[in-house]
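# Structural features, examined
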Amino acid sequence: ALAGRTGAPRAAPGGKGAVTTYVLGLFMIYMSTQVDALLGDGHGRGPDVAALTVTFFLFEFLAATQDIAVDGWALTMLSRENVGYASTCNSVGQTAGYFLGNVLFLALESASFCNKYLRFEPQPRGIVTLSDFLFFWGAVFLVTTTLVAFLKKENQELIPAKEETKGITDTYKLLFSIIKMPAVLTFCLLILTSKVGFSAADAVTGLKLVEEGVPKEHLALLAVPMVPLQIILPLVISKYTAGPQPLNTFYKAMPYRLLLGLEFAFLVWWAPKVKHEGGFPVYYYAVVVLSYALHQITLYSMYVAIMAFNAKVSDPLIGGTYMTLLNTVSNLGGNWPSTVALWLVDPLTVKECAGAQGHTCATAAAAELCSAAGGSCLTTLDGYYVESVVCLILGFAWWFFLGPKFKKLQEEGPSSWKCKRSN
């Protein structure tokens, strides 16, 4: 997808971005007819994992390509002094998308939620199915893209006569030349390690709450009160990140977000203590909402700051390629620790075999032998709590030793970020 973006501002939603959006819309409409078969029927036929993998790969590829085009459009549409507000537009749009595609969909797709709050007579399915959802938003993509294509015209005066790159090979050569610049290389190395301290809290907490009995649709609904906050936060934070030193906000918010990781671990530990037959008390959900609200403040402070910094230092002549490269590295810096955190939970969990002497639960095979001998595996130490403490230590180590070096990148002059291009 990076190679698909040639770097010139003309790849805006009215051009290449529009083509990608049309393909996305048609792809979603087609998938609405196939998704039920891919997910399995729940009566002996399981999901088609291979086909789902291909489907999600195509989705991600098309969405990433569209995202690159919009990044380039934002850089060329906003004046240089206001380019920091690109992160505000991005975060507000993502908040709306997350609410519609995650929170609202999970609620309307849940039969228990719809029967409890929206129906007079219970039914076995929710009001909306995944198939309906895909078809609707596929149609919305087609309609809105058509409206943008007809109602929004490119400013021909801003389109350079010569494109910066002429193909995939040329684009990757440009990407490598960007990465080799000392300032960019330092930024990539630091941002790739900056979010290790948040991995347990961000990736595992929700799964552990569900494991402790908190219904997933309730967790999704708890995000509803956050939507106004998530829309207002970028507008407030942009006052501090649109200036010359957006990374100061990132640095100041980091220790509070790290401490909230421990608070999340407390919520998981507390869940079975307050659970009763009817579920969980209202005060528990109130504490979860408050904790999540505080977490969102720190998360958005760091997110908007990084997006503003990336927009600030990106070379506008190759803005889509440059900014998307920095954003991709930033996203990768959060994704790889989350993946590792999910993978390490089980190896770090300590279990013992109760009711069968001489057996352990160290491996899956040992656990089966324990069960066959009439015993059961009991968790004595959950790996999630181990991860939470280790992440806290690693996070504060990064903040103390590498954080000041990260902030110092703001002192680099514009020439440090300009790509040397040959005519």
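Residues numbered from 1 in each chain as written. Predicted model: local features only at pLDDT ≥ 70, side-chain atom pairs only at ≥ 80, totals over all residues. Heavy atoms only, no water.

- As recorded in an unreviewed UniProt entry, the chain goes by Acetyl-coenzyme A transporter 1 and comes from Cyanistes caeruleus.
- What the UniProt record of the chain gives under Subcellular location (unreviewed entry) is the line "Endoplasmic reticulum membrane".
- The annotation that UniProt attaches to the chain under Sequence similarities (unreviewed entry) is "Belongs to the SLC33A transporter family." (UniProt positions renumbered as here; feature names shortened; annotations may be inferred.)

## Brief notes about the overall build of the chain
- When helices and strands are tallied, the chain shows 17 helices and two strands.
- Among the 423 residues that make up the chain, the fraction classed as buried is 43%.
- On the chain, roughly 22300 Å² of surface is accessible, and the fraction owed to carbon and sulfur atoms is 67%. (Helix = DSSP H or I, 4+ residues; strand = E, 2+ residues; numbered from the N terminus. Buried < 20%, exposed > 50% of the residue type's maximum accessible area, 1.4 Å probe, protein only. Areas by Shrake-Rupley, 256 points an atom, 1.4 Å probe, with all protein chains shown as cover.)

## Thoughts on the environment of glutamine 245
- Relative to the helices and strands, glutamine 245 resides in the loop between α11 (226-241) and α12 (247-274).
- Taking the C-alpha atoms as reference points, glutamine 245 and lysine 407, separated by 162 residues in sequence, lie 8.2 Å from one another.
- Within the structure, the side chain of glutamine 245 is placed 3.2 Å from the side chain of asparagine 248, a separation counted as a polar contact. (Polar contact = N/O pair within 3.5 Å; in protein donor to acceptor, adjacent residues only side chain to side chain.)

## Examining the nonpolar core
- With 32 residues, the main nonpolar core has Ile178, Val184, Phe187, Phe250, Tyr322, Phe406 and Trp417 as its most contacted residues.
- Contributing elements (two or more residues each) for this core: α7 (168-179), α8 (182-193), α12, α13 (282-313), α14 (319-348) and α16 (383-401).
- If one sorts the elements of this core by residue count, α8 sits on top with six residues.
- With residues near it in sequence (within four places) discarded, isoleucine 178 still touches Val184, Ile318, Tyr322, Leu325 and Cys419.
- In this structure, Ala201, Val204, Tyr284 and Ala293 belong to the second largest nonpolar core, which totals 23 residues. (Core = buried A, V, L, I, M, F, W, Y, C linked by side-chain atoms within 4.5 Å. Contact = heavy atoms within 4.5 Å.)

## Some words on the environment of serine 301
- By the element assignment, serine 301 lies in helix α13.
- Once the C-alpha coordinates of serine 301 and isoleucine 237 are considered, the two residues, 64 residues apart in sequence, prove to be 6.3 Å apart.
- Sequence-distant contacts of serine 301, that is, excluding residues within four places in its chain, are made with Ile237, Thr249 and Ala253.
- There is a polar contact of 2.7 Å between the side chain of serine 301 and the backbone oxygen of isoleucine 297.

## Digging into the UniProt feature "transmembrane region" (unreviewed entry) in the chain
- The positions that UniProt labels "transmembrane region" (unreviewed entry) are, in the present scheme, residues 133-151, 172-192, 219-242, 254-271, 283-305 and 384-402.
- The span residues 133-151 is 100% helical and 0% strand by assignment, and the distance between its end C-alpha atoms comes to 27 Å.
- For the annotated span residues 283-305, helix accounts for 100% and strand for 0% of the residues, and the straight-line distance between the end C-alpha atoms is 33 Å.

## Some words on the side chain of lysine 208
- Relative to the assigned elements, lysine 208 resides in helix α9 (residues 199-211).
- Among residues more than four places away in sequence, those in contact with lysine 208 are Val268, Val345, Asp382 and Tyr384.

## Observations regarding the pattern of salt bridges
- Overall, the coordinates contain three salt bridges when judged by the stated rule.
- The salt bridge partner of aspartate 202 is arginine 257, with a shortest N-O separation of 2.6 Å. Of the two residues, aspartate 202 sits in helix α9 while arginine 257 sits in helix α12, which places them 55 residues apart along the sequence.
- Accessibility expressed as a relative area gives 36% for aspartate 202, which makes it partly exposed.
- Owing to a relative accessible area of 9%, arginine 257 belongs among the buried residues under this scheme.
- Its salt-bridge partner being lysine 208, residue glutamate 211 comes within 3.3 Å of it at the nearest N-O pair. Linking glutamate 211 with lysine 208, this pair stays in helix α9, spanning three residues, or about one helical turn. (Salt bridge = Lys/Arg side-chain N within 4 Å of Asp/Glu carboxyl O.)

## So, the packing of α11 against α13
- The contact between α11 and α13 brings their axes to 9 Å, and the two run at 40°. By the angle between their axes, α11 is oblique relative to α13. Taken as a pair, α11 and α13 cross one another with a handedness that is right-handed. Taking contact as the criterion, the partners of Met226, Leu229, Gln230, Leu233, Pro234, Ile237 and Thr241 in α11 are, on α13, Val289, Tyr292, Ala293, Gln296, Ile297, Tyr300, Ser301, Val304, Ala305 and Ala308.
- Split into classes, the residues belonging to the contact of α11 with α13 amount to 13 nonpolar, four polar and no charged. (Axes fitted to C-alpha atoms, helices over the stretch in contact; angles between N-to-C directions. Parallel < 35°, antiparallel > 145°, perpendicular 65-115°, else oblique. Left-handed = near helix turned anticlockwise from the far one by under 90°. Nonpolar A, V, L, I, M, F, W, Y, C, P; charged D, E, K, R; others polar.)

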